[in-house]
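Chain by chain, the residues:
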Amino acid sequence: MGSWSTALVLLLVGVTVVYTTPLVNEKQPGQEWPKRGAVLQPSDDKDTETEPETIFEEKSEEEAILDEIPVKTIEDSSEPVKEKQDLDNTDNEVDTIKTKTVVIKSETASPKVDYSGAQLWKVSIEKEGSRNILVRLRRRNQIATWGTNGTAIDVFIKSDSIQNVTRALNKENIPFEVVIEDLQKRIDEENPPLDENEAELQDRRGHRMNWKQYHRLEDIDGFLDYLSKTYPATVSVNAIGKSHEGRELKVLRISNGNPSNKAIFIDGGIHAREWISPATVTYIINQFAENFDGESEDIRKLDWYFLPVMNPDGYEYTHLNDRLWRKNRRPGIAGRGCSGVDLNRNFGYRWGGKGTSSSPCSEIYRGPRAFSEPESRAVYEFFEKSAANYVAYVTYHSYGQYILYPWGYENAVPPDHDDLQSVGDKMASVIQSTGGDYYSVGSSSKLLYPAAGGSDDWAKSQGIKYTYTIELNDKGRYGFVLPTTYIENVAKESLAALRVLAAQVNKE
Ligand SMILES: *[C@@H]1O[C@H](CO)[C@@H](O)[C@H](O)[C@H]1NC(C)=O
Ligand SMILES: *[C@@H]1O[C@H](CO)[C@@H](O)[C@H](O)[C@H]1NC(C)=O
Ligand SMILES: [Zn+2]
C-alpha cells in the first residue's frame, strides 16, 4: 500500500474509533464514583495522605546504583537485547495519526522482533559462584534472566549467544537444561487465531472478548464499554488518564451503589509481556459483571475497581512489535536511545531504591522521578481523588506462581504481616484445591528480591491493608509465552482466591 492509502486507512480507523467510543462518563443517577468532598465515604475520616517527602522525589544519579540487580530475580533483570534497541527508531512517528482521543499506530511501521533460535534454559544456581557467572554473562548482554524457583534461574539466550553461553556454563560445570528450543516457534503457536464460527459468535454477542485467546487492547476496551452499556445499574467505566501514546486507561467499576461499601482495586498488565494478567483480570470482571445479582453476598457488598491494562502502549507493542517487551513506551531522549520505563519501579513509595535502575536501557528503569509516567501518575491521581474505602489492592503479574505482600523495597514486612500471610495462605490453598497449581506465599523482598517503586508498596503505604502482587502461571515451562489453553484454568484459580480475599475484608 502506498503511503497515502495507508494514511487514509489509518485516518478512517482513527475516526471510527473516536466515533464509536461511548461517553463513558455518563452515569446513571446515584452511580457517580465517590470523589473526595463529593460523596462522603467512610475513608474520608481516614488519613490517607501521601508522604510528601517520598512522592515525586528526585534521587541523585549517584544514588542510582544497582544497574546489576541481584541475580535472584523472577522476571526483572533482563538487560535489553540488541534487537529491542534497534526498534527504537523514529519512523514510527511518521505513521502516527493523532485523533482527539486515540493514537493509532501503523501496524507495519516497525519490523517485528524475530526470536528465531532464541532459547529458554533452566540454569542451576545451587553451585557456589554460578550466580556470578550469570551476572557476568548478563552484563555482557549474552543472556537475560526471567524467573527463578530458588534453585534454578530461567535464562533467555539469543540465538547468536548460545555457543558462548554453553561454553561458559560447561567450563564451570554448571548444570542447565534447555526448556524452549526456539522461542519464536512458541510465540507463533501461543495465540492461534479463532476459527470463523467463533468470530461470528463474538460479533453477535456484542463484544469480542473470550478467554480462549489473548486479545488486542481494542477488544478489551470494547468489552468494558459493552458491560457498562449492558449493566448500567452496576457497571460503569471511566478513563482515568492516558498513556504516553494517547491510549485511554480504562477503569471499570462494579458496585451496587451503597455508599458505605468497602472497595477493592485490581490492576493488570503493568508489564506488557505478561499477557495472562489482563486475561485474568478481564475474566474476573466478566464473572462479576455478567452475573452480579447471582453473585455471593461477599462480592455484591463490595465496590470493585478494575484497571485491566495499566500499560496499554506496551501491551499493544508486544502484540505488534516485540512479544517480550516489558516496559511502557516512553520515548528515548530526542527520539533516540532506549525507550520505556518499568512502571512497577515508578511508583512513589521509596522510589529509586534497591532493584531499580537509572539507566533508560535497563528493563528495570525506574524513570526520571517517581510517578514520572502518565500511566502510574494516573493511578496516583485516581486514588488521590477517589473517596472509595479501599481495603485491598491486588496487582496481577506473571510468572512464577507467587502470592506476594509488601514490602518490596527492602527485606522488611509491615506490622500486620501475619494477617497478610495467613490470608495469602488461604488463597494459595483454595487455588490448589481449585486447579491444582501450587503458589508460594511470602513478602516479595524475601521470597524474591528487593525491588522499590512497585505499585504494591505504594498501595500499602496509602493504608490499604490487603495488598498483594500475584505472580500467575507458570513456573517457567513457557514463562511469559503461556499458551492460551492455560487461560481459563489460571483465571478460575485467581477468581477463587479473590473470593477468599473478599470474604476476609467483609469480616473485618
Ligand atoms: C527448580 O527447577 C529445577 C529445574 O526444573 C528443579 O530441578 C528444582 O527441583 C526446582 N526447585 C524447586 C525449589 O522447586
Ligand atoms: C562470544 O564471545 C566472544 C569472546 O568473548 C566475543 O568476542 C563474541 O562477541 C561473543 N559472541 C556474541 C554473539 O556475543
Ligand atoms: Zn510483572
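Note: the structure precedes this text.
Residues numbered from 1 in each chain as written. Chains lettered and ligands numbered in written order. Predicted model: local features only at pLDDT ≥ 70, side-chain atom pairs only at ≥ 80, totals over all residues. Heavy atoms only, no water.

**Student:** Account for the packing of helix 9 (residues 276–290) against helix 16 (residues 487–507), with residues named and values stated.
**Tutor:** Packed helix pairs are specified by the crossing angle of their axes together with the interaxial distance, meaning the distance between the axes. Orientation of helix 9 relative to helix 16, taken along the N-to-C sense of each, is 60°, at an axis distance of 9 Å. Judged by the inter-axis angle, helix 9 sits oblique to helix 16. Seen from above, helix 9 lies across helix 16 with right-handed handedness. On helix 16, the residues that touch Ile 276, Ala 279, Thr 280, Tyr 283, Ile 284, Gln 287 and Phe 288 of helix 9 are Ile 487, Glu 488, Val 490, Ala 491, Lys 492, Ser 494, Leu 495, Leu 498 and Arg 499. Its residues placed into classes, the contact of helix 9 with helix 16 shows 10 nonpolar, 3 polar and 3 charged. (Axes fitted to C-alpha atoms, helices over the stretch in contact; angles between N-to-C directions. Helix = DSSP H or I, 4+ residues; strand = E, 2+ residues; numbered from the N terminus. Parallel < 35°, antiparallel > 145°, perpendicular 65-115°, else oblique. Left-handed = near helix turned anticlockwise from the far one by under 90°. Contact = heavy atoms within 4.5 Å. Nonpolar A, V, L, I, M, F, W, Y, C, P; charged D, E, K, R; others polar.)

**Student:** Go over the site of ligand 2 with me, naming the residues and quoting the values.
**Tutor:** For ligand 2, the full set of nearby residues is Gln 142, Asp 160 and Asn 164. The side chain of Asn 164 places a nitrogen or oxygen atom 2.3 Å from an oxygen atom of ligand 2. (Near = heavy atom within 4 Å. Polar contact = N/O pair within 3.5 Å; in protein donor to acceptor, adjacent residues only side chain to side chain.)

**Student:** Can you lay out the pairing of strand 14 (residues 466–472) for me, pointing to particular residues and giving the numbers?
**Tutor:** Among the 7 residues that make up strand 14, 7 are buried, leaving the element largely enclosed by the rest of the structure. What you see with strand 14 is no split at all: Tyr 466, Tyr 468, Ile 470 and Leu 472 on one side and Thr 467, Thr 469 and Glu 471 on the other are buried throughout. Where strand 11 (residues 389–398) and strand 14 come together, 7 bridges link them in parallel fashion. From the neighbouring strand, Ala 392 faces strand 14, where its bridge partner is Tyr 466. (Buried < 20%, exposed > 50% of the residue type's maximum accessible area, 1.4 Å probe, protein only. Pairing = 2+ DSSP bridges.)

**Student:** Now, about the state of the cysteines: what can you tell me, with residues and values included?
**Tutor:** What makes a disulfide is a covalent bond joining the sulfur atoms belonging to two cysteines. Inspection of every chain in the model, using the stated rule, returns 1 disulfide. One disulfide bridge connects Cys 338 with Cys 361, the sulfur atoms lying 2.1 Å from each other. Since a negative S-S torsion denotes a left-handed disulfide, the Cys 338-Cys 361 link at about 85° is right-handed. Pair noted here: Cys 338 is in the loop between helix 11 (312–320) and helix 12 (374–385) and Cys 361 is in the loop between helix 11 and helix 12, with a separation of 23 residues, a long-range link. Classification of Cys 338 by relative accessible area gives buried; the value is 11%. Take Cys 361: its relative accessible area is 30%, and that puts it in the partly exposed class. (Disulfide = S-S within 2.5 Å.)

**Student:** Can you explain the sheet that holds strand 12 (residues 402–405)? Please cite residues and give values.
**Tutor:** Paired through their backbone hydrogen bonds, the strands of a sheet run either parallel or antiparallel. Strand order in this open sheet of 8 strands is 7-8-10-9-11-14-12-13, and the pairing throughout is mixed. Sheet topology places strand 7 (235–242) and strand 13 (440–443) at the edges, where each strand pairs with a single neighbour. Taken over all neighbouring pairs, the strand axes of this sheet differ in orientation by 20° on average, direction set aside. Sitting on the sheet, helix 8 (residues 217–230) touches strand 7 and strand 8 (248–254), and the angle it makes with strand 7 is about 140°. Along the sheet face, helix 9 touches strand 7, strand 8, strand 9 (262–268), strand 10 (302–307), strand 11 and strand 14 and points at about 135° away from the line of strand 11.

**Student:** So what's going on with the pattern of salt bridges? Residues and values would help.
**Tutor:** One pass over the full model with this rule turns up 23 salt bridges. Residues Asp 342 and Arg 326 are paired through a salt bridge, measuring 2.6 Å at the closest nitrogen-oxygen approach. Residue Asp 342 is found in the loop between helix 11 and helix 12, and its partner Arg 326 is found in the loop between helix 11 and helix 12; the two are separated by 16 residues along the sequence. Residue Arg 326 is classed as buried on the basis of its relative accessible area, which comes to 0%. (Salt bridge = Lys/Arg side-chain N within 4 Å of Asp/Glu carboxyl O.)

**Student:** So what's going on with the pairing of strand 3 (residues 119–124)? Which residues, and what values?
**Tutor:** Among the 6 residues of strand 3, 6 are classified as buried, and the element is accordingly described as predominantly covered. Burial along strand 3 is two-sided: Gln 119, Trp 121 and Val 123 and Leu 120, Lys 122 and Ser 124, pointing in opposite directions, are all buried. Where strand 3 lies against strand 5 (residues 152–157), 6 bridges are found, and the strand directions are antiparallel. Considered in strand 5, the bridge of Ser 124 is made with Ala 152. Bridge count for strand 3 against strand 6 (residues 176–180) is 4 bridges, and the pairing is antiparallel. Looking at strand 6, one finds that Val 123 is bridged to Phe 176.

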